[in-house]
Amino acid sequence: MSEVKFSKEHEWAQFDGKICSVGISPHAVEQLGDIVFIELPEIGIIVDKGDAVAVIESLKAASDIHSPVSGQIIESNVSLIDDLTSLTPEGAMENWLFKVKVTEVAALDHLMDEGAYKVLIA
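Conventions adopted
- Residues numbered from 1 in each chain as written.
- Predicted model: local features only at pLDDT ≥ 70, side-chain atom pairs only at ≥ 80, totals over all residues.
- Heavy atoms only, no water.
- Pairing = 2+ DSSP bridges.
- Helix = DSSP H or I, 4+ residues; strand = E, 2+ residues; numbered from the N terminus.
- pLDDT = per-residue confidence, 0-100.
- 1 Å grid on protein atoms, 1.4 Å probe; cavity = no way out; pocket = protein on both sides within 12 Å on 5 of 7 lines; lining within 4 Å.
- Points joined across faces, edges and corners; volume = space filled by probe spheres on them.
- Nonpolar A, V, L, I, M, F, W, Y, C, P; charged D, E, K, R; others polar.
- Buried < 20%, exposed > 50% of the residue type's maximum accessible area, 1.4 Å probe, protein only.
- Lys, Arg positive; Asp, Glu negative; His and termini not counted.
- Salt bridge = Lys/Arg side-chain N within 4 Å of Asp/Glu carboxyl O.
- Contact = heavy atoms within 4.5 Å.

Peer 1: Give a description of the sheet that holds strand β8 (residues 71–76) that names residues and reports values.
Peer 2: Read from one edge of the open sheet, six strands run β1-β2-β3-β9-β8-β5, paired in antiparallel fashion. Each edge of the open sheet is held by one strand with a lone partner, namely β1 (4–6) and β5 (46–47).

Peer 1: Tell me about the confidence of the model for the protein chain, and please be specific about residues and values.
Peer 2: Averaged over the protein chain, the pLDDT score is 92; the fraction of residues at 70 or greater is 97%. Across the protein chain, β8 holds the top mean pLDDT of 97, while helix α2 (residues 79–82) sits lowest at 90.

Peer 1: Kindly report on the layout of surface pockets, identifying the contributing residues and their values.
Peer 2: When its volume is computed, the largest pocket comes out at roughly 150 Å³. Along the walls of the largest pocket sit Glu-9, His-10, Glu-11, Ile-24, His-27, Ala-28, Gln-31, Leu-32, Ser-63, Asp-64, Ile-65 and His-66, which together make up its complete lining. Looking at the lining of the largest pocket, the elements that each hand over two or more residues are α1 (26–32) and β7 (62–66). Taken together, the residues that form the lining of the largest pocket break down as four nonpolar, five polar and three charged.

Peer 1: Tell me about the side chain of Lys-99, and please be specific about residues and values.
Peer 2: As for its position among the elements, Lys-99 is in strand β9 (residues 98–102). Despite its burial, Lys-99 pairs with no opposite charge, the nearest such side chain being Glu-75 at 4.1 Å. Discounting chain neighbours no more than four positions away, the residues touching Lys-99 are Ile-19, Cys-20, Ser-21, Gln-72, Ile-73, Ile-74 and Glu-75.

Peer 1: Lay out the environment of Ile-45 in plain terms, naming residues and giving numbers.
Peer 2: Within the secondary structure, Ile-45 is located in the loop between β4 (35–39) and β5. Linking Ile-45 and Gly-71, residues 26 residues apart in sequence, is a C-alpha distance of 8.5 Å. Setting aside its immediate chain neighbours within four residues, Ile-45 contacts Gly-71, Gln-72 and Ile-73.

Peer 1: Report on the pairing of strand β6 (residues 52–58), specifying residues and quantitative values.
Peer 2: Strand direction decides the pairing type here: β4 and β6, joined by four bridges, are antiparallel. Counterpart to Ile-35 in the pairing with β6 is Ser-58. Pairing geometry for β6 and β7, over five bridges, is antiparallel. Bridging from a neighbouring strand, Val-55 pairs with Asp-64 of β7. Taking the residues that link successive antiparallel strands as the turn, the β6-β7 hairpin has three residues.

Put into structure tokens, the structure is as follows:
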């Protein structure tokens, strides 16, 4: 597994070859508060970088989750639908939401490393 990268929209992305696991950052989970509902993307759909592909609702707000890469959704973490308790600031990095088979590896340059992301949220 490679290092984790972050988007300006607070998604994290971790790459294993052409497979990208996507989740939301601990900062995003903290800002949302108690998460009460999640809608994950359909397997097989083709997405472009920046497309809203999932929705997370908390007691405070509803937020779109964007794909940080272009490709095809190959898996959704459906176990989260019935048990949202692991989506905490402490558990955010271990709980991916969906996986994308990446079509444009060169399009990953817009993602930030952890240092740059920490500067963004400071």
